[in-house]
Every structure is written in structure tokens, then in C-alpha cells.
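# Close look at the chain arrangement
What follows is each chain in one-letter form.
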Amino acid sequence: MINLSDRKRLCVAAVFLSLLFCLLMVRFYQIQIIEGDKWSAAALAQHQYIVTEPCMRGSFYSNTSIKKGHPGEEQPFVVDVPKFHLFVDPDSIPEPSKKKMAQELFALLPGIDKEAEFFKKSRSRKIATWLDREKRVEIEAWWGPFSRKEKIVRNAIYFTAEYKRSYPFGSLLGAVLHTVQEDQSQPTGGLEMLLNAYLQGKEGKRLMVRSPRHPLYTGKVLLAPENGADVYLTINHYLQAIVESELAKGVQAAGGLGGWAVIMDPYTGEILALAQVPTFAPSHCADYFNDPTLIEHTKVKAVTGIPVVAIGGIDLGNLSECLEAGADGIAVITAVAMAEDMVAAT
């Protein structure tokens with residue numbers, strides 16, 4: 001038989017275990033029901049996260065319809081092209097393979113040496129930026145066999161996409177167009193800044209999965225990106241190229257410091273070409289803004305107080321339209337030369 005003292009000890013133990021069980025049930029209820037969303041989010045964050053899905057900025061297009069009835073193919077002055085940033089996940093790479101992996105990877109990326117990034121305690125280290133699609137394909141072609149041979153999870157390296165401005169005609173119309181900073185966040189001036197609200201678009205969101213089975217550059221799109229609006233200019237790329245070329249020759253022949261030229265349709269006021277020398281190359285904007293002697297080249301002189309003279313095909317019929325379009329002066333050489341009485345015409 002159980003004596004009285006043993007019975008008391010059993011009762012105390014039973015009460016204690018009952019209280020402990022009740023506390024566990026209360027805690028379980030708190031975690032699963034009251035704080036369920038919080039802990040579910042924390043658990044998902046271990047292998048899922050949300051990244052920005054880039055959008056394309058609007059492009060500027062040339063006026064290819066200056067010859068009535070003969071519209072040409074669309075020709076952009078500037079477009080967004082996809083570029084890629086390369087990352088590694090050092091924590092998922094076995095220590096014995098890190099050095100060999102870094103050496104072979106950087107052999108494909110001349111001029112880049114970030115071997116130390118492979119030995120940092122991190123899940124994400126940026127290795128290279130603004131790679132083109134061909135370089136990405138080359139790296140992926142190397143990575144497949146290498147990761148299988150070294151038994152490394154295939155998402156130990158991954159790419160993120162971003163768009164970058166590209167200029168098919170180089171510096172053509174550069175001071176008028178300008179550009180944007182590398183992260184597409186801020187225009188540097190010109191039409192890029194003036195029309196930024198139409199050009200910028202809206203970024204989307206993508207759910208990324210961190211798992212040996214899922215590469216990090218795939219995932220579910222939560223919010224689709226909206227590309228920016230395109231802008232069609234009155235300027236024609238052929239006329240712009242001719243004017244810039246001839247203007248540069250004229251400035252050089254005259255030994256001048258610079259020059260400006262505008263071609264305008266006197267009947268509509270449309271600007272068909274707007275050139276200046278020295279030019280501004282948007283793809284090298286940092287060189288201009290970091291050099292005080294070059295900053296002035298980034299500004300359109302025709303809208304900074306320099307007198308504008310209309311010339312070519314001007315007569316009494318369209319003279320007032322040229323003045324209304326903003327010309328400070330009129331050259332009417334042909335109209336005077338063709339007049340019956342040149343003295344009276346002046």
C-alpha cells in the first residue's frame with residue numbers, strides 16, 4: 001500500500017505536470033493561433049523573399065515620316081537593354097571548392113577579382129555588375145558541369161536582371177536627350193528629366209525561392225511591372241547626324257570654340273534637328289559631370305540664352321510663324337535674292 005507521504009508527493013507531481021501541460025497548451029495556442037502569421041512569415045523568410053521586378057523605361061524615337069506618304073521603320077535614339085548582376089551564396093559552397101570556383105569564375109570575368117567574397121559569412125555577395133546576356137550564357141554553360149562535379153547546389157550563383165540605357169547612335173542628340181543614373185532612379189537632365197513621369201514606368205515584385213531545387217532567379221510574379229511610355233520626337237536621325245557632322249567640320253575649319261544649329265519646319269514649327277559642338281555623350285555622363293570644364297557641354301545652348309536665327313526657305317508667308325516658334329532673328333537671303341526688286345525687298 002502507498003503511504004500518506006508518498007500519496008502527497010504523487011499528488012504534488014500530478015498537479016505540477018498538469019500545470020506544466022496547461023502552460024504548454026497555452027503557449028502552443030499563442031504560437032499557433034495568436035502569433036501564427038508572425039511565425040509563418042519568419043519560417044518562410046528562411047527560404048523565400050521578395051525582390052523588385054525591373055521595368056523598362058520608355059524610349060525616344062526618331063521622326064521617320066518627314067517625307068510625306070513614305071513613313072520609315074521606327075528608329076530609337078535610346079532604348080533599355082537587359083543587363084545582369086552576378087551574385088554568389090558563400091554559405092552554400094563547400095570550403096574546399098571555394099578557391100577553385102573563384103579562380104575559374106574570374107577567368108571568365110577579366111578585370112574582376114573578388115575572391116575574398118567567397119569566404120565571407122553571407123547568403124548573398126555581389127560579384128559582377130551590368131553583364132550582357134552573352135556573358136551570362138557563358139557563365140551558366142561553365143557552371144552546370146562545374147557544380148555537378150564539385151557537388152555544389154546549382155543556386156550557389158545566381159543573376160538578377162536590370163535594364164540599362166543604350167544609345168545606338170552614340171552621342172547623337174546627347175545634350176537634348178541626356179540620360180539617367182545607373183540605377184534608373186534619377187534623370188541627369190534634358191528630355192529624360194522633363195518627361196520622366198511618362199518614361200519611368202512602375203517596378204513589379206517577384207517572390208524568390210532559396211532552395212537547392214530552385215534557382216534564385218526564378219519565382220512567382222506577385223506584381224507585374226509596367227513599362228514606361230515611349231516618346232516620339234519631331235527630330236529625324238538622318239538630319240540630326242548630317243547637321244552634327246557638318247557643324248563639327250565648320251567649327252573646326254573656323255577654329256571656333258563651339259557652334260549650334262537648328263533645322264525647323266517653317267510651316268509647322270517642328271524642330272527636325274538640333275545640334276551643338278562640343279557634343280555630350282550620355283553613355284559617359286560621369287566623365288562630364290565630374291569635370292567642371294565639361295559640364296557646360298551637357299546643356300542645350302539653344303535654350304540657355306543663345307540667340308536663335310531661323311534660316312532656309314523663309315519668306316513673308318512664314319516669317320511670323322518662325323518668330324512665334326521662338327526664333328530671335330530671321331535670315332531671308334533667298335526671299336530677297338528672288339525678289340523682283342531686291343532693294344525694296346530689304
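All of the points below concern the structure found in this document. Counting starts from 1 at the beginning of each chain's written sequence and moves along it residue by residue. Selection of residues for local features in this predicted model requires a pLDDT of at least 70, selection of side-chain atom pairs for listing and counting requires 80 or more, and totals for whole chains, interfaces and linings are taken over all residues. The basis for every side-chain value is the complete set of non-hydrogen atoms in the structure, without hydrogens or water.

Attention now goes to helix α3 (residues 95-107). If you check which residues of α3 are buried, you get S97, K98, M101, A102, L105 and F106. Any two residues having at least one pair of non-hydrogen atoms within 4.5 Å are treated as being in contact. Secondary structure elements are defined from DSSP: runs of H or I of at least 4 residues count as helices, runs of E of at least 2 residues count as strands, and each element is numbered from the N terminus. Those residues of α3 hidden inside the fold are in contact with β3 (76-88), β4 (125-131), α4 (133-150) and β5 (157-166). Under the scheme applied here, a residue whose accessible area is under 20% of the maximum for its type counts as buried, over 50% as exposed, and between as partly exposed, the area being computed with a 1.4 Å probe on protein chains only.

Moving on, we come to the pattern of salt bridges. Criterion for a salt bridge: a side-chain nitrogen of Lys or Arg within 4 Å of a carboxyl oxygen of Asp or Glu. Considering all chains together, one arrives at 13 salt bridges under this definition. R125 serves as the salt-bridge partner of E117, at 2.6 Å between the closest nitrogen and oxygen. Given the relative accessible area of 25%, R125 is considered partly exposed. A salt bridge links E138 to K135; the nearest nitrogen and oxygen atoms lie 3.0 Å apart.

When you tally the buried positions in strand β10 (residues 271-277), you get six out of seven residues, the bulk of the element. In this description, strands pair whenever DSSP reports at least two bridges between them. Of the strand pairs in this sheet, strand β9 (residues 259-264) and β10 are connected by six bridges, and their pairing is antiparallel. Within the sheet, the bridge partner assigned to W260 lies in β10 and is Q276. Linking two consecutive strands that pair antiparallel, namely β9 and β10, is a turn of six residues; a positive phi of about 80 degrees is found at G269 within it.

On to the packing of aromatic side chains, then. Stacked, edge-to-face and tilted labels apply to pairs of Phe, Tyr and Trp rings (six-membered ring for Trp) whose centres lie within 6.5 Å, assigned for plane angles under 30 degrees, over 60, and everything in between, in that order. Going through the model one piece at a time under the given rule, you end up with nine aromatic pairs. Where F280 meets F289, the ring centres are 6.3 Å apart and the plane angle is 80 degrees; that geometry is what we call edge-to-face. Take F289: its relative accessible area is 34%, and that puts it in the partly exposed class. Members of the aromatic cluster, connected to one another through ring pairs, are W142, W143 and F146. Comment: the charge-over-ring label is applied if NZ (Lys) or CZ (Arg) is within 6 Å of the ring centre and within 35 degrees of the ring normal. The ring of F84 has R136 sitting right over it, with the charged end atom 4.7 Å from the ring centre.

The next point concerns the nonpolar core. The tendency in soluble globular proteins is for nonpolar side chains to be buried as a group. To qualify as a nonpolar core, a set must consist of buried Ala, Val, Leu, Ile, Met, Phe, Trp, Tyr and Cys residues joined through side-chain atoms within 4.5 Å. In terms of nonpolar packing, the biggest core is built from 22 residues, with L86, M101, L105, L109, F118, I139 and W142 touching the most fellow members. Broken down by secondary-structure element, the contributors of at least two residues to this core are β3, α3, β4, α4 and β5. Counting 20 residues, the second-largest nonpolar core is a separate cluster that includes L173, A175, L177 and L191.

Let us look at the pairing of β3. Within β3, eleven of the 13 residues are buried, leaving the element largely enclosed by the surrounding structure. As paired elements, strand β2 (residues 60-61) and β3 share two bridges and run antiparallel to each other. Paired with F60 across the strands is V78, a residue of β3. With ten bridges connecting them, β3 and β5 associate as antiparallel partners. Looking at β5, one finds that P82 is bridged to Y163.

It is worth spelling out the packing of α3 against α4 at this point. It is the contact of α3 with α4, at a shortest axis distance of 11 Å, that shows an interaxial angle of 160 degrees. Considering their axes alone, α3 and α4 lie roughly antiparallel with respect to each other. The handedness of the crossing between α3 and α4 comes out as right-handed. In this structure, α3 uses S97, K100, M101, E104 and L105 to contact α4, whose residues at the interface are I139, W142, W143, F146, K149 and E150. Note that Gly is not counted as nonpolar here; it falls among the polar residues with everything else outside the nonpolar set of Ala, Val, Leu, Ile, Met, Phe, Trp, Tyr, Cys and Pro and the charged set of Asp, Glu, Lys and Arg. Classifying every residue of the contact of α3 with α4 by side-chain character gives six nonpolar, one polar and four charged. For helices, the axis comes from a line fit to the C-alpha atoms of the stretch in contact; other axes are also lines fit to C-alpha atoms, and the angle between any two N-to-C directions lies between 0 and 180 degrees. Each angle is binned into one of four classes, with values under 35 degrees roughly parallel, values over 145 roughly antiparallel, values of 65 to 115 roughly perpendicular, and all other values oblique. Helix crossings fall into two classes, left-handed where the near helix is turned counterclockwise from the far one by less than a right angle and right-handed where it is turned clockwise.

Omega for the peptide link from V277 to P278 comes to 5 degrees, which places this bond in the cis form. Relative to the elements of secondary structure, P278 occurs in the loop between β10 and α9 (285-289). At K151, a position not held by glycine, the phi torsion is positive, near 55 degrees. Its place among the elements puts K151 in the loop between α4 and β5. The phi angle at H178 is positive, at roughly 65 degrees, despite the residue not being glycine.

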